[in-house]
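Structure at a glance
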Amino acid sequence: DGGITQSPKYLFRKEGQNVTLSCEQNLNHDAMYWYRQDPGQGLRLIYYSQIVNDFQKGDIAEGYSVSREKKESFPLTVTSAQKNPTAFYLCASVSLAKNIQYFGAGTRLSVL
Amino acid sequence: AQSVTQLDSHVSVSEGTPVLLRCNYSSSYSPSLFWYVQHPNKGLQLLLKYTSAATLVKGINGFEAEFKKSETSFHLTKPSAHMSDAAEYFCVVSVGSTLGRLYFGRGTQLTVWP
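First, a word on what this report is: a plain description of the structure on this page. Note that the structure is a prediction, hence the values are computed from the model and not measured. (Residues numbered from 1 in each chain as written. Chains lettered and ligands numbered in written order. Predicted model: local features only at pLDDT ≥ 70, side-chain atom pairs only at ≥ 80, totals over all residues. Heavy atoms only, no water.)

For the structure shown, the criterion picks out six salt bridges over all chains. The partner of A:D30 in a salt bridge is A:K71, and the shortest N-O contact between them spans 3.4 Å. Taken together, the residues A:D30 in the loop between β3 (19-25) and β4 (31-37) and A:K71 in the loop between β7 (64-66) and β8 (76-78) connect sequence positions 41 residues apart. Classification of A:D30 as partly exposed rests on a relative accessible area of 37%. Classification of A:K71 as partly exposed rests on a relative accessible area of 23%. As a salt-bridge pair, B:D85 and B:K78 come within 2.8 Å of each other at their nearest N and O atoms. Owing to a relative accessible area of 3%, B:D85 belongs among the buried residues under this scheme. Here B:K78 falls in the buried class, since its relative accessible area comes to 10%. Residues participating in the shared-partner salt-bridge network are A:R36, A:D38 and A:R44. (Salt bridge = Lys/Arg side-chain N within 4 Å of Asp/Glu carboxyl O. Helix = DSSP H or I, 4+ residues; strand = E, 2+ residues; numbered from the N terminus. Buried < 20%, exposed > 50% of the residue type's maximum accessible area, 1.4 Å probe, protein only.)

All right, on to the packing of aromatic side chains then. All names here are of chain A. Taken as a whole, this structure holds 14 aromatic pairs over all chains when the rule is applied. Residues Y64 and Y89 carry aromatic rings whose centres are separated by 5.9 Å and whose planes lie at 65 degrees to one another, so their mutual orientation is edge-to-face. Placement of the pair is Y64 in strand β7 and Y89 in strand β9 (residues 87-95), with a sequence separation of 25 residues. Each member of the pair Y64 and Y89 is classed as buried. (Phe/Tyr/Trp six-rings, centres within 6.5 Å; stacked < 30°, edge-to-face > 60°.)

Listed below in C-alpha coordinates is the structure:
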(Lines give C-alpha, C1' and ligand atoms only; values in the text may rest on other atoms or scores of the structure.)
Protein backbone atom coordinates (compact mmCIF):
# COMPACT_ATOMS: atom_id res chain seq x y z
CA ASP A 1 0.00 0.00 0.00
CA GLY A 2 1.28 3.46 -0.85
CA GLY A 3 1.24 6.05 1.86
CA ILE A 4 2.97 8.06 4.54
CA THR A 5 4.17 6.38 7.71
CA GLN A 6 4.90 8.34 10.85
CA SER A 7 6.50 6.77 13.90
CA PRO A 8 6.21 6.50 16.76
CA LYS A 9 2.52 7.19 17.36
CA TYR A 10 3.26 8.49 20.87
CA LEU A 11 6.54 9.94 22.13
CA PHE A 12 7.67 11.33 25.45
CA ARG A 13 10.51 13.78 25.90
CA LYS A 14 12.50 14.45 29.03
CA GLU A 15 13.81 17.89 29.92
CA GLY A 16 16.88 18.80 27.82
CA GLN A 17 16.48 15.85 25.49
CA ASN A 18 16.39 15.85 21.70
CA VAL A 19 13.88 13.52 20.09
CA THR A 20 13.41 12.54 16.45
CA LEU A 21 10.12 11.89 14.71
CA SER A 22 10.19 9.66 11.66
CA CYS A 23 8.32 10.25 8.40
CA GLU A 24 8.59 7.88 5.44
CA GLN A 25 6.65 7.96 2.17
CA ASN A 26 6.51 5.51 -0.73
CA LEU A 27 4.41 7.73 -3.00
CA ASN A 28 7.43 8.98 -4.98
CA HIS A 29 6.54 12.55 -4.01
CA ASP A 30 9.26 15.16 -4.30
CA ALA A 31 8.04 17.55 -1.60
CA MET A 32 7.52 16.81 2.08
CA TYR A 33 6.27 18.94 4.96
CA TRP A 34 6.16 18.99 8.76
CA TYR A 35 3.30 20.64 10.64
CA ARG A 36 2.58 21.22 14.28
CA GLN A 37 -1.02 21.11 15.50
CA ASP A 38 -2.19 22.69 18.75
CA PRO A 39 -5.86 22.80 19.83
CA GLY A 40 -7.76 25.65 18.18
CA GLN A 41 -4.80 26.80 16.08
CA GLY A 42 -5.03 24.73 12.95
CA LEU A 43 -1.78 23.47 11.46
CA ARG A 44 1.39 25.52 11.43
CA LEU A 45 4.28 24.80 9.08
CA ILE A 46 7.62 23.91 10.69
CA TYR A 47 9.84 22.91 7.75
CA TYR A 48 9.42 21.76 4.19
CA SER A 49 11.59 20.20 1.53
CA GLN A 50 10.95 20.23 -2.18
CA ILE A 51 13.97 18.18 -3.25
CA VAL A 52 16.58 15.92 -1.67
CA ASN A 53 19.32 17.70 0.29
CA ASP A 54 17.35 20.94 0.41
CA PHE A 55 14.83 22.25 2.93
CA GLN A 56 13.28 25.54 3.97
CA LYS A 57 12.07 26.98 7.26
CA GLY A 58 8.37 27.39 7.72
CA ASP A 59 6.56 29.71 10.09
CA ILE A 60 7.68 28.13 13.38
CA ALA A 61 11.09 26.53 12.73
CA GLU A 62 12.81 27.64 15.95
CA GLY A 63 13.75 24.68 18.14
CA TYR A 64 13.39 22.16 15.32
CA SER A 65 15.74 20.66 12.74
CA VAL A 66 15.28 18.39 9.70
CA SER A 67 17.26 16.48 7.12
CA ARG A 68 16.40 15.17 3.67
CA GLU A 69 19.05 12.67 2.66
CA LYS A 70 16.61 10.44 0.78
CA LYS A 71 13.53 11.22 -1.23
CA GLU A 72 11.45 8.86 0.91
CA SER A 73 12.46 10.17 4.32
CA PHE A 74 12.09 13.50 6.12
CA PRO A 75 12.83 13.13 9.86
CA LEU A 76 12.09 15.96 12.30
CA THR A 77 14.20 16.52 15.41
CA VAL A 78 12.67 18.42 18.29
CA THR A 79 15.63 19.92 20.11
CA SER A 80 15.98 20.97 23.73
CA ALA A 81 15.71 24.58 22.49
CA GLN A 82 12.00 24.00 21.81
CA LYS A 83 10.55 24.97 25.18
CA ASN A 84 6.96 23.99 24.47
CA PRO A 85 7.11 20.82 22.38
CA THR A 86 3.85 19.21 23.50
CA ALA A 87 1.72 18.96 20.35
CA PHE A 88 0.49 16.68 17.58
CA TYR A 89 2.97 16.55 14.69
CA LEU A 90 1.87 15.79 11.16
CA CYS A 91 4.00 14.95 8.16
CA ALA A 92 2.74 15.37 4.62
CA SER A 93 3.96 14.83 1.10
CA VAL A 94 2.60 16.47 -1.99
CA SER A 95 1.83 15.36 -5.48
CA LEU A 96 2.93 18.45 -7.38
CA ALA A 97 1.11 17.25 -10.48
CA LYS A 98 -2.19 17.09 -8.61
CA ASN A 99 -1.36 19.85 -6.08
CA ILE A 100 -2.71 17.66 -3.27
CA GLN A 101 -1.05 17.02 0.09
CA TYR A 102 -1.33 13.61 1.69
CA PHE A 103 -0.92 13.27 5.44
CA GLY A 104 0.47 10.69 7.80
CA ALA A 105 -1.40 9.60 10.93
CA GLY A 106 0.64 11.85 13.20
CA THR A 107 2.88 11.62 16.27
CA ARG A 108 1.74 12.94 19.62
CA LEU A 109 4.66 14.34 21.61
CA SER A 110 4.43 14.97 25.32
CA VAL A 111 6.91 16.22 27.90
CA LEU A 112 7.64 14.14 31.00
CA ALA B 1 -0.67 37.55 1.64
CA GLN B 2 -2.77 34.47 2.10
CA SER B 3 -5.12 33.68 4.94
CA VAL B 4 -8.10 31.54 5.74
CA THR B 5 -10.86 32.30 8.23
CA GLN B 6 -13.22 29.62 9.42
CA LEU B 7 -16.11 31.53 10.85
CA ASP B 8 -17.25 28.96 13.42
CA SER B 9 -15.00 27.06 15.80
CA HIS B 10 -17.84 24.66 16.69
CA VAL B 11 -20.96 23.57 14.82
CA SER B 12 -23.58 21.21 16.24
CA VAL B 13 -26.33 19.57 14.17
CA SER B 14 -28.77 16.72 14.59
CA GLU B 15 -28.37 13.60 12.51
CA GLY B 16 -30.24 13.93 9.22
CA THR B 17 -30.15 17.75 9.16
CA PRO B 18 -28.02 19.89 6.81
CA VAL B 19 -24.44 20.84 7.57
CA LEU B 20 -22.90 24.23 6.77
CA LEU B 21 -19.26 24.98 7.63
CA ARG B 22 -18.20 28.48 6.63
CA CYS B 23 -14.85 29.58 5.22
CA ASN B 24 -13.56 32.87 3.86
CA TYR B 25 -10.16 33.27 2.26
CA SER B 26 -7.77 36.01 1.28
CA SER B 27 -5.26 35.49 -1.51
CA SER B 28 -3.16 37.65 -3.77
CA TYR B 29 -3.19 34.99 -6.47
CA SER B 30 -5.75 32.68 -7.98
CA PRO B 31 -6.01 30.16 -5.19
CA SER B 32 -6.56 26.46 -4.98
CA LEU B 33 -8.92 25.73 -2.11
CA PHE B 34 -9.38 22.54 -0.14
CA TRP B 35 -11.41 21.05 2.65
CA TYR B 36 -9.77 18.40 4.82
CA VAL B 37 -11.34 16.31 7.60
CA GLN B 38 -9.59 15.01 10.70
CA HIS B 39 -10.97 12.36 13.02
CA PRO B 40 -9.55 12.26 16.58
CA ASN B 41 -5.83 11.43 16.75
CA LYS B 42 -5.70 10.81 13.00
CA GLY B 43 -4.10 12.49 10.03
CA LEU B 44 -5.99 14.71 7.62
CA GLN B 45 -8.04 13.33 4.75
CA LEU B 46 -8.90 15.32 1.65
CA LEU B 47 -12.65 15.92 1.23
CA LEU B 48 -12.56 18.05 -1.91
CA LYS B 49 -10.52 20.50 -3.93
CA TYR B 50 -11.30 23.59 -6.02
CA THR B 51 -9.00 24.57 -8.87
CA SER B 52 -11.17 26.86 -11.04
CA ALA B 53 -12.62 24.16 -13.29
CA ALA B 54 -16.08 24.49 -11.73
CA THR B 55 -17.40 26.64 -8.91
CA LEU B 56 -19.40 23.81 -7.31
CA VAL B 57 -17.12 21.03 -6.20
CA LYS B 58 -18.34 17.62 -5.11
CA GLY B 59 -16.28 15.64 -2.64
CA ILE B 60 -16.37 12.38 -0.79
CA ASN B 61 -19.07 11.26 1.67
CA GLY B 62 -21.72 13.55 0.17
CA PHE B 63 -19.94 16.83 0.92
CA GLU B 64 -19.74 19.68 -1.55
CA ALA B 65 -18.43 23.24 -1.56
CA GLU B 66 -19.14 26.30 -3.65
CA PHE B 67 -16.47 28.81 -4.63
CA LYS B 68 -17.81 32.38 -4.66
CA LYS B 69 -15.14 34.79 -5.82
CA SER B 70 -17.24 37.90 -5.16
CA GLU B 71 -17.67 36.85 -1.53
CA THR B 72 -14.20 35.21 -1.22
CA SER B 73 -15.97 32.25 0.32
CA PHE B 74 -15.70 28.49 0.05
CA HIS B 75 -18.37 27.07 2.36
CA LEU B 76 -18.72 23.32 2.90
CA THR B 77 -22.17 21.74 2.91
CA LYS B 78 -23.85 18.38 3.22
CA PRO B 79 -27.62 17.84 2.86
CA SER B 80 -27.95 15.30 5.66
CA ALA B 81 -25.51 14.78 8.52
CA HIS B 82 -24.47 11.35 9.67
CA MET B 83 -23.01 10.41 13.04
CA SER B 84 -19.76 9.44 11.31
CA ASP B 85 -19.35 13.04 10.08
CA ALA B 86 -18.41 14.17 13.58
CA ALA B 87 -14.83 15.39 13.23
CA GLU B 88 -12.73 18.51 12.78
CA TYR B 89 -12.80 20.20 9.39
CA PHE B 90 -10.11 22.45 7.94
CA CYS B 91 -10.44 24.94 5.13
CA VAL B 92 -7.12 25.33 3.33
CA VAL B 93 -5.71 27.59 0.62
CA SER B 94 -2.75 26.95 -1.65
CA VAL B 95 -1.10 29.52 -3.85
CA GLY B 96 1.39 29.22 -6.64
CA SER B 97 4.19 31.18 -5.01
CA THR B 98 5.52 28.07 -3.25
CA LEU B 99 4.47 24.81 -4.81
CA GLY B 100 2.41 22.75 -2.41
CA ARG B 101 2.57 25.30 0.42
CA LEU B 102 -0.75 25.26 2.30
CA TYR B 103 -2.33 27.79 4.66
CA PHE B 104 -4.80 26.35 7.15
CA GLY B 105 -7.81 27.76 8.89
CA ARG B 106 -8.10 27.09 12.62
CA GLY B 107 -10.63 24.35 12.12
CA THR B 108 -14.33 23.78 12.83
CA GLN B 109 -15.34 21.01 15.20
CA LEU B 110 -18.54 19.35 13.96
CA THR B 111 -20.71 17.57 16.52
CA VAL B 112 -23.60 15.41 15.32
CA TRP B 113 -26.36 14.60 17.82
CA PRO B 114 -28.46 11.44 17.44
